[in-house]
Each structure stands twice: as structure tokens, then as C-alpha cells.
Amino acid sequence: MATLIDPEVERQEILRHYRRLLRTAKPYLKEGDAKLIKKAFNTSLEAHKEMRRKSGEPYILHPLAVAQIVVEEIGLGTTSIVAALLHDVVEDTPWEIADVEREFGTKVARIVDGLTKISGVFEYGTSEQAENFRKMLLTLSEDVRVILIKLADRLHNMRTLDSMPRHKQLKISSETIYLYAPLAHRLGLYAIKTELEDLHLKYTDTEIYNELLNRVRQSRSARNRFIKEFVLPIDDELKAQGFGFEIKGRPKSIYSILKKMRKQNITFDEVYDLFAIRVILDVPQEQEKAACWQVYSIVTDFYQPNPDRLRDWVSTPKANGYESLHTTVMSRSGQWVEVQIRSRRMDEIAEKGYAAHWKYKDTGAIQPESTLEAWINKVREMLETNNSSALEFMDEFRQNLFVKEVYAFTPKGKLLILPDKATALDFAFEIHTHIGLQCLGAKVNQKLQPLSYQLRNGDQVEILTSQKQKPTEEWLQYVITSKARSKIKEWLRDDKRSKADDGRFIVEKRLELLGVEYSQDNFNRLLAHFKTYNAQEFFYRVAIGQIDGREIKTDLFDPTIEAPRLPSKLEPKAFDHEVQKIRGLSANMLVIGEQTDKFDYTIAPCCNPIPGDDVFGFETENGIVIHRTSCPKAVKMMSNYGNRIVRAKWTDQLELAFLAGLRIKGSDRVGLVNDVTRIISNSLKVNMRSITIDSDDGMFEGQIMVFVNDTAHLNKLIQRLSKVNGVLLVERFDS
Ligand code: MN
């Protein structure tokens, strides 16, 4: 359906957005800034003039929206606004970085460059997104604004995801939850992180999202009433004591509600701190800490606190800069309520993160050495020391993003912040690479501990070293920081290489001694004989004595005997074919790709999709593999290899049976197995492939493999089984 577009209406719409941007930015603009923004706007407008977004809107509305987020929600200034307006110009139009540099200067050009994806073709097996991400991070280490604008870009794309085709929605949502939301969290952009998580849920688990959204809405007025009542005594007392303050009650995000429900296996109503009450204090910075504790004391005068849930990020801020005092108290209606106490400054940092940090820093009000800066330094270091593939790097980077932290001290009392579960060996590498490489063990709180000792908060750690100490492969199991890991790997690689050189020398001497020519053919005979199919590996094994050089004898090279063949690549697994056979799967069950073409495909063993499941195809060297969109591996696949995702949909032929697994738990009684099997085979005419039941202490746990037609069929079966006397739980399981 074509809609008629009135160019004048569109022009007005664009101008409205542009004026709004200027209005929001106005309080922060310096002389000449408005002119620069106008120039960037006009440039972008002209460059994108022929382009439209998937929704049909003029493209310029996207850079305008990104710039709006940048100023309004992140609090950045003119350079960032200009870069945001231009962020897609190089990628999508004939404009080049050199043009941007000429017109807008080096700073803007560098930021835009960081935001421009690497163009060109990617090798199979590398990950386009990972490469792009790495490039972006390289620029981050120079200018953090790149990543902030990238987050704004992503946020707007997520907000407008509706008009994208389904497979793009999945890909973009997955990337978002995999990388961008944790990144926003790490940079302290709480509001953006929360919105990204909720949007991810909206597109990947629409049904649950809508349901929870409805329930949150339904409970709104009751919630407001509750908050009002809860806050009343605190409010009075704070006023009486002369505090300047504001109290906010906000609901938890949909995503965090669901996370809690799943993690603790509880219902919506049981998620007790569905909302948190926030007390924001207007106090001068030097009185912040004392004021927060004073308010804590007032709150706990009225309500009994849960001592296990006191969090003091005022004395020791989180590594992302977050400062706040949290307590969970019991309300009079018997419900736990989380109360967050913080100053206005802390609140702004919590909401807007990095940018707010700098704002306070610029006015000279804030800290000499922020933990956030330390983190950015760490990213820079990672980029410099890491020579693994982009994909490995992204994985490690992600692991470093928002794991919990452990605080430990050097003997001189310097605080080191490491990821949770870091070891003494990680600590050693954190101090210095040399100390790490020669680490023998550690004295933790005066007690001797091994390399693998897991640090605890407050530990004082003295690293013991020895000149003779050398890293081993085993060390890789002891460390969790990417710095330690990559240093150890690097050392091992160098060590192996130099040992292999020794080995090569030994082999050459040996062949010389035997009078055998050092030819490719002879070398292949050697490799085949010792069953080592990689030259470096072979030389290394010779050097460390795993292969005895003296076993190299003349008869190995007898030209009258045909050289043994080096094995080719592994045969594709016969197992998959077997699985497919018992599934009775036919290649016509799925429609794959944008057309209705039929392809060969296999079913992923990790998530066992059956007709009715929401699925996608993933291209591999051995053809397309079908996964459920809820597969635990899906997020990673979609975010790392989005270009290999293909659309897949079940057709309506449902006569065939699919294998699915059910887990069943309950209290044991005589005749129970009989009842279960009767329901399966008699009443629902389901074929059972196997059943195993273990009982222990009056409880039983069983696994049943059944052939079903589709999810509806399976759900019916689950329902029936749940009603069997004694059965407490029936659920589907994957592989
Ligand atoms: Mn964009």
C-alpha cells in the first residue's frame, strides 16, 4: 500500500525535531555552537536526502533522534551532538572521513570514524559484529564519546525495531542484550540499560513481556497508594529535621522482574521489591556521607531493616561509579521494600553515568581518580595486550563487563578491584606482568595460599615470586581476568615457539646423521609415523622429549614403501543422521530464508526444536541448523554471527512425530509409573521412546522421551501428566 507523502508536511516534521534538539541543548551551548550544530544538521539532511528508514520515514529523523538522546538522556555536549548528527553519513552516503574532517575538524572525524562500520567482505568464520565492535573499542580508548553515541544509536534503533523484519529484530535484540546493555551498565547509564533490556524482552519474548507489562500497569494504583502510606512517616521526619530532599517511588523494570521470577522461581506477586523507594538529598558534597547514614537511621527507626540486604556504595563506590546506600526494610503490610538513599549528585551519576561524572569533575568537585577511569584504562590495556581473534576478544571483553567485583589490598594498602572469583594469580598479574609470570603463591592475611586461591573482599595479599618460576598450561585454569589470561597465553606461545626451534634443530641433525634428505615427502612420513599433524607441535614434542629423536630411523623413509597418508578433515558426525532418522524428519517441514525455498537442514541438539516452536536457521559449514529462538546459545549466535542467521518457519504438515523430552518429579507411590505410561500411550496415543525413573527417599525423578506432533500436542501431554496423583512437576527439557 503506497501512502502519499506531502513533502511540506515532512519538512515541517523534520524542522520540529531539529528545533527540539536545539531547545534541549541550548543551556549548554557556547558561542558558535548553535551554528556548528546547524551546519551538521544541514550536512546530514543533504547527505541522507534520498534515504528512508524501513518505517518509511525520512532517514534524517534517525540521526536527529540519536543527537536528541545524546544531549537529553546522556548529557553530552556540542561535539557529540555534531558527531551524532553525522554518525551514519560516512557509512551510508558518498561522504568520506576526510570530508568530515575538513568540514568539522579532527575530533568529530575520529568519533564518526569509530562509529562507521568496517566495510567490505568478511571471511567465513569471522564475525562481522565482533570486528566492528573491536574497532569501536579502539576508538573508545581514545574517546569514550564514541561508545556513548553508539549506545544512543542502538537505543533509537531498538525503540524503532517494529518496522524491521523478524530475523533482524532477533539479531539486533540479541546483540543488545549480549553487549550493549551490559556496556550501558558498565558506563553507569542505568536508565538506558534498563530500557534496552526491556526492549530486548519485548522482541524476543513478546508474550511474556506483554503479560508482565499489563500486570505492572494493573497494579499501578495499588502501588501508588502503598508508596504514599509507606513514605509518609519518613517524609514528616525528614522535613522536621530540615532536610532538602525528594522521594521517588519507581517500579522495577519488566526485565528485572522476569529475571527475579526465573532466578528465584517465584511468581509475579512474590517479587517482593517490585519497586524501590529512592530518597534524594540536596546536601553539599562534604556532608553527603553523613547525611545518607542519618537518613538510613530515620528510615530504620520506622521500619525494621533486613541486615543481609544493606549495601554501602557510598563508602566504596561500584566500579562503574555508582554511589548509593541501599537497605531493604519490612513495611507494615508485611512486604519488603528496598530504600535507596543518595545525594542529588550521586543520583545524577546513577542515571546519566559517565557524562555526569565528567560534569562534576569539570567543576572541580569530584574525585582525583575515578574507578570508571580505571576501567577505561583497563579496556585500553586489554586492547593493547590482546592478540586473540576479534571474537575471542569480544567474549573476554564481555566477561569483563559486569561481573561482580572483589576488593583486595596490597601489603602497602593499595586497593585493587578485580572481577569476582579472581585468584591470587590474577592479583599478581594485576600488579605487574613480571610479578604474575614469576608468581609462586601468596600470603593472604599472613597465611600462605596457592596461586589458585580465590580472593575475598578485604583480603590483604602479598605475592611471593621466584626467578625460577615459569607459567604452565595449568595456570590458564587459575585465572579469570583477561589480562592474566592473555599474558600467560602469550608466554606459553613464545615458549612453545622457541622450544619448537630447538626441536627442529634436533630433527635436522638427526636426519643429517641418517643421511636422509629433509624433503616435504620425508617430513610428512615423520609426521604420520608419530601421529602429530602439525609441524610446530611435532618439533615441540621432540624438544620436550615426548618424541624420542632416536626413534627416527632410516626405515621410516624407505621410498619403496608408500608413505602413510595424513588424515584429512574429520568425517561429519554420523550421529546427527541417526538422530534425524529416529525423528522421522523430512526436509519439507521447514521453510527457510526469505523465499519459500526448501533447504537441507539439521535440528540443533542443544535445544531440540519441534514444530510450533519459534525457530531460526543458522548457517554452518555443514548446512543450516535449526535452533529455537529461546535456545541458550541463540543470543550469542545472533549477536556474534548475525549475518549467518536465516529466517525459518514451520510449514503446516503435522503428521510427522518429533522427539521431545519431559522431566517429571513428584512423590513416589506404588503404581505411579503405570499411571504415567498409561496416559502417554493410551489416552493420548503418544509413542514413548524411553522412560527412566529414579526414586529416592519417597521422591522420584524421571525422564521420558516421547514422539509428539507439535507444541500443542506436547502441552496437552504435560497438562495431563501434571494431574496424575503424586506428580509435582512436569517440564520439557532440552537435550
Ligand atoms: Mn545509526
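Residues numbered from 1 in each chain as written. Predicted model: local features only at pLDDT ≥ 70, side-chain atom pairs only at ≥ 80, totals over all residues. Heavy atoms only, no water.

A.B. asks: Whenever I open this one, the overall build of the protein confuses me. Can you help?
C.D. replies: Each helix and strand counted, the protein has 29 helices and 20 strands in total. A buried classification covers 47% of the 735 residues belonging to the protein. With an accessible surface of roughly 38300 Å², the protein has 49% of that area assigned to carbon and sulfur atoms. (Helix = DSSP H or I, 4+ residues; strand = E, 2+ residues; numbered from the N terminus. Buried < 20%, exposed > 50% of the residue type's maximum accessible area, 1.4 Å probe, protein only. Areas by Shrake-Rupley, 256 points an atom, 1.4 Å probe, with all protein chains shown as cover.)

A.B. asks: Got a minute to help me understand the sheet that holds strand E8 (residues 415–419) in this structure?
C.D. replies: Remark on secondary structure: sheet strands pair via backbone hydrogen bonds, oriented parallel or antiparallel. With mixed pairing, the five strands of this open sheet are ordered in space as E8-E7-E11-E9-E10. The open sheet is flanked by E8 and strand E10 (447–449), the only strands paired with a single partner. The mean inter-strand angle of the sheet, taken between neighbouring strand axes irrespective of direction, is 40°. Summarising the sheet, strand E7 (residues 405–409) and E8 pair through five bridges and their orientation is antiparallel. Within E8, the residue paired with Tyr-407 across the bridge is Ile-417. Helix H20 (residues 424–431) contacts E7, E8, strand E9 (439–444) and strand E11 (459–465) of the sheet and is inclined by roughly 125° relative to E8. (Pairing = 2+ DSSP bridges. Axes fitted to C-alpha atoms, helices over the stretch in contact; angles between N-to-C directions. Contact = heavy atoms within 4.5 Å.)

A.B. asks: Would you mind showing me how to read the sheet that holds strand E19 (residues 699–708) here?
C.D. replies: A sheet is described by the order of its strands in space; here four strands give the open sequence E18-E19-E17-E20, paired in antiparallel fashion. Pairing within the sheet leaves two strands with one partner each, and these edge strands are strand E18 (687–696) and strand E20 (727–733). Recorded for the sheet is a direction-independent mean angle of 15° between the axes of neighbouring strands. Direction of pairing for E18 relative to E19: antiparallel, over a ladder of nine bridges. Of the residues in E19, the one forming a bridge with Asn-687 is Phe-707. Each of strand E17 (658–667), E19 and E20 touches helix H29 (residues 711–722); the most contacted strand, E20, lies at about 160° to it.

A.B. asks: What's the story with the coordination of the manganese ion in this structure? I'm lost.
C.D. replies: Note on metal sites: the ideal angle is 109.5 degrees for four tetrahedral donors, and 90 or 180 degrees for six octahedral donors. For the manganese ion, the protein coordination sphere consists of His-62 (NE2), His-87 (NE2), Asp-88 (OD) and Asp-153 (OD), at 2.2 to 2.4 Å. Each donor residue of the manganese ion belongs to the same chain, and together they define the spacing H-x24-H-D-x64-D. Taken as a pair, His-62 in helix H3 (residues 61–72) and His-87 in the loop between helix H4 (78–85) and helix H5 (89–92) lie far apart in primary sequence, 25 residues in all. Judged by relative accessible area, which is 1%, His-62 ranks as buried. (Donors = N, O, S within 2.8 Å, 3.2 Å for Na, K, Ca; no water.)

A.B. asks: Hey, could you run me through the packing of aromatic side chains in this one?
C.D. replies: Aromatic ring pairs are defined here through the distance separating the ring centres and the angle between the ring planes. Taken as a whole and assessed by the stated rule, the structure comprises ten aromatic pairs. Both rings, one in Phe-538 and one in Phe-539, keep their centres 5.8 Å apart while their planes meet at 55°; by these two values the pair is tilted. Among the residues examined, Phe-538 registers a relative accessible area of 0% and is labelled buried. When its relative accessible area of 2% is taken as the criterion, Phe-539 is described as buried. Aromatic rings pair up to connect Tyr-518, Phe-523, Phe-530, Phe-538 and Phe-539 into one cluster. Taking NZ or CZ as reference, Lys-39 lies 4.9 Å from the ring centre of Phe-104, over its face. The ring of Tyr-540 carries the charged tip of Lys-496 above its face, separated from the ring centre by 4.9 Å. (Phe/Tyr/Trp six-rings, centres within 6.5 Å; stacked < 30°, edge-to-face > 60°. Lys NZ or Arg CZ within 6 Å of the ring centre and 35° of its normal.)

A.B. asks: Please explain the nonpolar core as it appears in this structure.
C.D. replies: Soluble globular proteins tend to bury their nonpolar side chains together. Judged by nonpolar contacts, the single largest core of 57 residues is most densely connected at Leu-64, Ile-81, Leu-85 and Leu-86. With eight residues, the single largest contributor to this core is helix H9 (residues 145–159). The residues touching Leu-86, leaving out its near neighbours within four places in the chain, are Ala-40, Thr-43, Ser-44, Val-100, Phe-104, Val-108 and Val-112. (Core = buried A, V, L, I, M, F, W, Y, C linked by side-chain atoms within 4.5 Å.)

A.B. asks: What am I meant to see in the state of the cysteines here?
C.D. replies: Simply put, the disulfide is a covalent bond whose two ends are the sulfur atoms of two cysteines. Summed over the entire model, instances satisfying the criterion amount to zero disulfides. Cys-606 takes part in no disulfide bond, and the closest cysteine sulfur, belonging to Cys-631, lies 3.7 Å away. Overall, the relative accessible area of 17% leaves Cys-606 in the buried class. (Disulfide = S-S within 2.5 Å.)

A.B. asks: Would you take a moment to explain the side chain of Asp-495 for this structure?
C.D. replies: Following the sequence through the fold, Asp-495 ends up in helix H23 (residues 482–514). Separated by 2.9 Å, the side chains of Asp-495 and Lys-499 make a polar contact. (Polar contact = N/O pair within 3.5 Å; in protein donor to acceptor, adjacent residues only side chain to side chain.)

A.B. asks: Would you mind going over the packing of helix H12 (residues 206–218) against helix H13 (residues 220–240) with me for this structure?
C.D. replies: One way to put it is that H12 packs onto H13 with a least axis distance of 4 Å and a crossing angle of 45°. One element, H12, and the other, H13, form an angle in the oblique class. Residue-level inspection shows Val-216, Arg-217 and Gln-218 of H12 in contact with H13, the latter providing Arg-220, Ser-221 and Arg-223. (Parallel < 35°, antiparallel > 145°, perpendicular 65-115°, else oblique.)

A.B. asks: What is the right way to look at the pattern of salt bridges in this model?
C.D. replies: Two side chains with opposite charge may pair up if their charged atoms get near one another. This model, assessed by the stated rule, comprises 27 salt bridges. Linking Glu-288 and Arg-345 is a salt bridge whose minimum nitrogen-to-oxygen distance equals 2.9 Å. Taken together, the positions of Glu-288 in helix H15 (residues 288–302) and Arg-345 in helix H16 (residues 344–352) put the pair 57 residues apart, joining distant regions of the chain. Comparing Glu-288 with Arg-345 shows no difference in burial state: the two are buried. Linked by salt bridges that have partners in common, Lys-39, Asp-99, Arg-102 and Glu-103 make up one network. (Salt bridge = Lys/Arg side-chain N within 4 Å of Asp/Glu carboxyl O.)

A.B. asks: Explain the side chain of Glu-338 here, please?
C.D. replies: With respect to the secondary-structure elements, Glu-338 resides in strand E6 (residues 336–343). Judged by relative accessible area, Glu-338 falls into the buried class, the value being 13%. A polar contact is formed between the side chain of Glu-338 and the side chain of Gln-340, at a distance of 2.9 Å.

A.B. asks: Got a minute to help me understand H29 in this structure?
C.D. replies: Each full turn of the α-helix corresponds to 3.6 residues, which orients residues three or four apart in the same direction. Compared with the 16 Å implied by 1.5 Å per residue over twelve residues, the 16 Å span of H29 between its first and last C-alpha is a close match. The complete set of buried residues in H29 reads Thr-711, His-713, Leu-714, Leu-717, Ile-718 and Leu-721. Buried residues of H29, seen end-on, are gathered within an arc of 160° and therefore sit on one face of the element. Seen from the buried face of H29, the exposed residues on the opposite side, beyond 90 degrees, are Ala-712 and Gln-719. (Expected span 1.5 Å × (residues − 1). Arc of directions from axis to C-beta.)

A.B. asks: Is there a simple way to explain the environment of Lys-636 in this structure?
C.D. replies: With respect to the element layout, Lys-636 can be found in helix H27 (residues 634–640). Classification of Lys-636 as partly exposed rests on a relative accessible area of 38%. With 465 residues separating them in the primary sequence, Lys-636 and Lys-171 have C-alpha atoms 9.7 Å apart.

Functional significance is not addressed by these values, which are geometric in nature.
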